[in-house]
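Chains, contacts and geometry: an overview
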Amino acid sequence: MTREATGIKISPKSIMGDFLIAWLFLAVLMYGILSAVREGSFRLASGPVSSQVRDILWFSLMCGAASAATIEVLKRIFRLRGAYQRRQTIQWLQSRAPSKEAFSEVSLELHSAMGTVRTFNLPIEQLAAQIGAAADIALSSPSRFPSLLACLADSSIPSSLLNPDRNGLDLPLHTEEDDPQRRNFVSETRIEFAQRVQSGVDQLQISVGERWRRYVQGTAVWLSGAFGIALSSTATSQSAVQPRHILAALIIGGPLAWILRDVAAVIERWRR
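Let us look at the structure shown here. (Residues numbered from 1 in each chain as written. Predicted model: local features only at pLDDT ≥ 70, side-chain atom pairs only at ≥ 80, totals over all residues. Heavy atoms only, no water.)

1. Topic: the overall build of the protein chain
A tally of helices and strands in the protein chain yields eleven helices and zero strands. The buried share of the protein chain, taken over its 272 residues, is 40%. At a minimum sequence separation of 6, the contacts of the protein chain that also span at least 24 residues come to 78%. Summed over its atoms, the accessible surface of the protein chain is roughly 15,200 Å², and 63% of this surface lies on carbon and sulfur atoms. (Helix = DSSP H or I, 4+ residues; strand = E, 2+ residues; numbered from the N terminus. Buried < 20%, exposed > 50% of the residue type's maximum accessible area, 1.4 Å probe, protein only. Contact = heavy atoms within 4.5 Å. Areas by Shrake-Rupley, 256 points an atom, 1.4 Å probe, with all protein chains shown as cover.)

2. Notes on a nonpolar patch on the surface
A cluster of nonpolar side chains, V49, V53, L57, I251 and I252, forms an exposed patch at the surface whose accessible area comes to about 420 Å². Sorting the residues of the nonpolar patch by element identifies α2 (49-77) and α11 (241-271) as the ones contributing at least two each. Ranked by residue count, the leading element in the nonpolar patch is α2, at three residues. (Patch = residues over 30% accessible without salt bridge, like charges linked within 9 Å, V, L, I, M, F, W, Y side chains within 5 Å. Salt bridge = Lys/Arg side-chain N within 4 Å of Asp/Glu carboxyl O.)

3. So, empty space enclosed by the protein
This model, assessed by the stated rule, comprises one cavity of 30 Å³ or more. Roughly 40 Å³ of internal volume is contained in the largest cavity. Lining of the largest cavity is provided by T89, I124, L127, A128, I131, L204, Q205 and V208. Every element with two or more residues in the lining of the largest cavity is listed here: α6 (124-140) and α10 (180-233). A total of four residues in the lining of the largest cavity trace back to one element, the largest contributor, which is α6. (1 Å grid on protein atoms, 1.4 Å probe; cavity = no way out; pocket = protein on both sides within 12 Å on 5 of 7 lines; lining within 4 Å. Points joined across faces, edges and corners; volume = space filled by probe spheres on them.)

4. Some remarks on the pattern of salt bridges
Applying the stated rule across the entire model yields five salt bridges. Where R261 meets E72, a salt bridge forms, and the shortest distance between an N and an O atom there is 2.3 Å. Residue R261 is located in helix α11, and its partner E72 is located in helix α2; the two are separated by 189 residues in the primary sequence. The burial state of R261 is the same as that of E72; both residues are buried. One network of salt bridges, in which partners are shared, links E72, K75, R76 and R261.

Right under this line is the structure:
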């Protein structure tokens, strides 16, 4: 499924973020390669090979753990996830409608529920659930939240829902004056529009969640490599060992940081 099919639009700021992470990764990688070239090779040091492999693995684990811990500390203290998801939600809504009214409407409902700042700092699944609940409230009174519903559905609100008094199509289902054909029309219109709104909430979750995971994983990799550079530079062992440790921290420690981050995310969801 393509990004266009899911309604995910790539913004210039998103491209810049991807470029920055890729640049930092390549910078650490090139440092390790140039260090190896400068030292002559990736030659093994004297001693058993198994002990050297074990040292590299432990070093990679230490760098990966340091990377994951740093990301968690920064995320929790400075609420980076909340700030990021709030900004991405604004950009996603504005990509569908230039007006800021949609975000104001969803912020009003989220703030009344549990506070806007706290809500946007939730995991993306829970944030999407809160936005979905706000959309359900908006569907019950579409005339109060026209911009939010139009953004989520990526279409204008049917007149039978927005201005019921003008066309007489939104009479209560138990009203005797309302004929069956009219009731079916209104019911089908509500269901179809509600499905489009829910699809928009799902697209928002995919867009924001995918970018957040990509940025966190990319940052974990280059940050693990950066820890490898810092720790190997302070080591008293032979300098020829440094390139292997730096590249191991980047290639092995980075994915280990992903695993540790996933474990922390599972624990966070379980505690909530």
